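Summary of structural features
Take a look at the letters that make up each chain.
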Amino acid sequence: MDRRSLLTVATGAVGAVAAAQIPAGAARPAQSGPSAQHGTSAQHGPAHAGPGRPVAAFNVISDIQGDLRDLGVALEDMNRTNRTSAGLAVAGDITPRGYDAEYAAVASEVARHTHPRTVAWAIGNHEFYVPKWRDPSTLAQDTWPNGTTEDSLFRSFYAFAGRNTVYAEHSFGGIPVLSLGTERYMHYHDPKLWDEVWLSEAQLTWLEERLAHWARRRKPVMVITHHPLPNTVSGSHNRLYSRDYLQADRLLGILGRHKDVFLFCGHTHWDLALSDWYVRRVVPGTANLDGFSVINTGAVQTGYTDDGKGGEVTVPGTFNQGLQVEVFRDRVVVKARDFAAGAWLKQITVPLSTRI
């Protein structure tokens, strides 16, 4: 178990007790600055999005981990900047540990605020941390899994998300949004593994088919997943996050064929102020020399950045970040937002290879 996981679970009991009282979601980095470009496909800086209204606008957040106060702040800010939002995508770590009471607390907090009707929830590693606890107040990792079954963890997520599979497709104003996630918590299957992502052949085939379906219809596709793919956005070159996917090459091979795929990932909590918050990932052998877009989602709960020594360090002060995504007929504009400060951090405009 990594340092971050231990730190988070060891300090999660206080929030969980409160939640239980509440009744029953090879890359090349981008350059910052108004005139910087990435290849021929991405333009950065605070330039206006251009004429016309977006086909759809939506928000992406991740890593709530029981921080209900900051979740409320984020929801209020998103409603101010995107009142007609077509959807909200949450890229995993919805709860601190995956207890039903923690899911209920998140649902209760979301219900307290104006939010889009459609919410796409992706599963994260923190949704599997119940087995590390004897009860919501007692950390007991030496007796893992403390009577908790793997199946019960998935059933809790399914009940919350309102579906019966980890992977799913939603529509945000006609824009397809595909959620991916692990279908095994690997420590149940291999004592040497913990939070690594395992994708079934059914999920990979489904992804392949859905991307091909929407490519034929000339639609950009938004893909939501918790863990970053290797050699993409902030943190994914770091030893802490470079081997999260057990089938990374297969997943990259599927995504890499499509120019108009936008993959959003969390898990690292790394600061959206970093230059590689957005990258184009080119996958050799896919015949797509332009690659596909990968975007870091920041985090609602606690921020981190590179410590310059192969690890990470906490970002000081209040941290609460996410994205607003605006899909036009010929381009996608992604804006990084500081919800706590109510301020835009940066944005990027990515031309689409085909018009919607």
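Preceding this paragraph is the structure being described.
Residues numbered from 1 in each chain as written. Predicted model: local features only at pLDDT ≥ 70, side-chain atom pairs only at ≥ 80, totals over all residues. Heavy atoms only, no water.

1. Observations concerning the pattern of salt bridges
Two side chains with opposite charge may pair up if their charged atoms get near one another. Here is the rule we go by: Salt bridges, as used here, are contacts in which a Lys or Arg side-chain nitrogen is within 4 Å of a carboxyl oxygen on Asp or Glu. Comment: elements are numbered from the N terminus, with helices defined as DSSP H or I runs of at least four residues and strands as E runs of at least two.
Throughout the structure, instances matching the rule amount to 14 salt bridges. Of the charged contacts, one joins Lys-259 and Asp-290 as a salt bridge, the two residues approaching to 3.3 Å between their closest N and O atoms. You can see Lys-259 sitting in the loop between helix 7 (248–255) and strand 12 (261–265) and its partner Asp-290 sitting in the loop between strand 13 (278–281) and strand 14 (292–296), a full 31 residues away along the chain. Bridged by salt links that share partners, the residues Asp-77, Arg-80 and Arg-337 form one connected network.

2. Some words on the nonpolar core
Heads up, the rule is: Nine residue types can take part in a nonpolar core, namely buried Ala, Val, Leu, Ile, Met, Phe, Trp, Tyr and Cys, and a core is a set of them joined through side-chain atoms within 4.5 Å. A 1.4 Å probe rolled over the protein chains alone gives each residue an accessible area, and that area as a share of the maximum for its type sets the label: buried under 20%, exposed over 50%, partly exposed in between. Contact criterion: two residues are considered in contact whenever any of their non-hydrogen atoms come within 4.5 Å of each other.
Of all hydrophobic cores here, the largest spans 33 residues; its most connected members are Ile-61, Leu-71, Val-90, Val-106 and Trp-121. At the level of elements, helix 3 (68–81), strand 5 (88–90), helix 4 (100–111), strand 6 (119–121) and helix 5 (150–161) are the ones that each hand at least two residues to this core. Dropping the residues within four chain positions of it, Ile-61 is found in contact with Leu-71, Met-78, Leu-88, Ala-89, Val-90, Ala-91, Val-300, Gly-322 and Phe-339. Judged by nonpolar contacts, the second largest core, of 28 residues, contains Val-60, Phe-262, Leu-272 and Val-332.

3. Regarding helix 4
Put simply, the rule is: What a helix is expected to span follows from its residue count: subtract one and scale by 1.5 Å.
Here helix 4 spans 16 Å end to end across 12 residues, near enough to the 16 Å set by a 1.5 Å rise per residue. Among the residues of helix 4, those classed as buried are Glu-102, Tyr-103, Ala-104, Ala-105, Val-106, Glu-109 and Val-110.

4. Remarks on helix 6 (residues 201–216)
Compared with an ideal rise of 1.5 Å per residue, which puts 16 residues at 22 Å, helix 6 spans 23 Å between its outermost C-alpha atoms and is within 8% of the ideal. Within the sequence span of helix 6, burial applies to Gln-203, Leu-204, Trp-206, Leu-207, Leu-211, His-213 and Trp-214. Close packing links the buried residues of helix 6 with strand 9 (168–172), strand 10 (175–179), strand 11 (221–225), helix 7 and strand 12. Note on helix 6: the residue one or two positions beyond its end, Arg-218, has a positive phi of about 55°.

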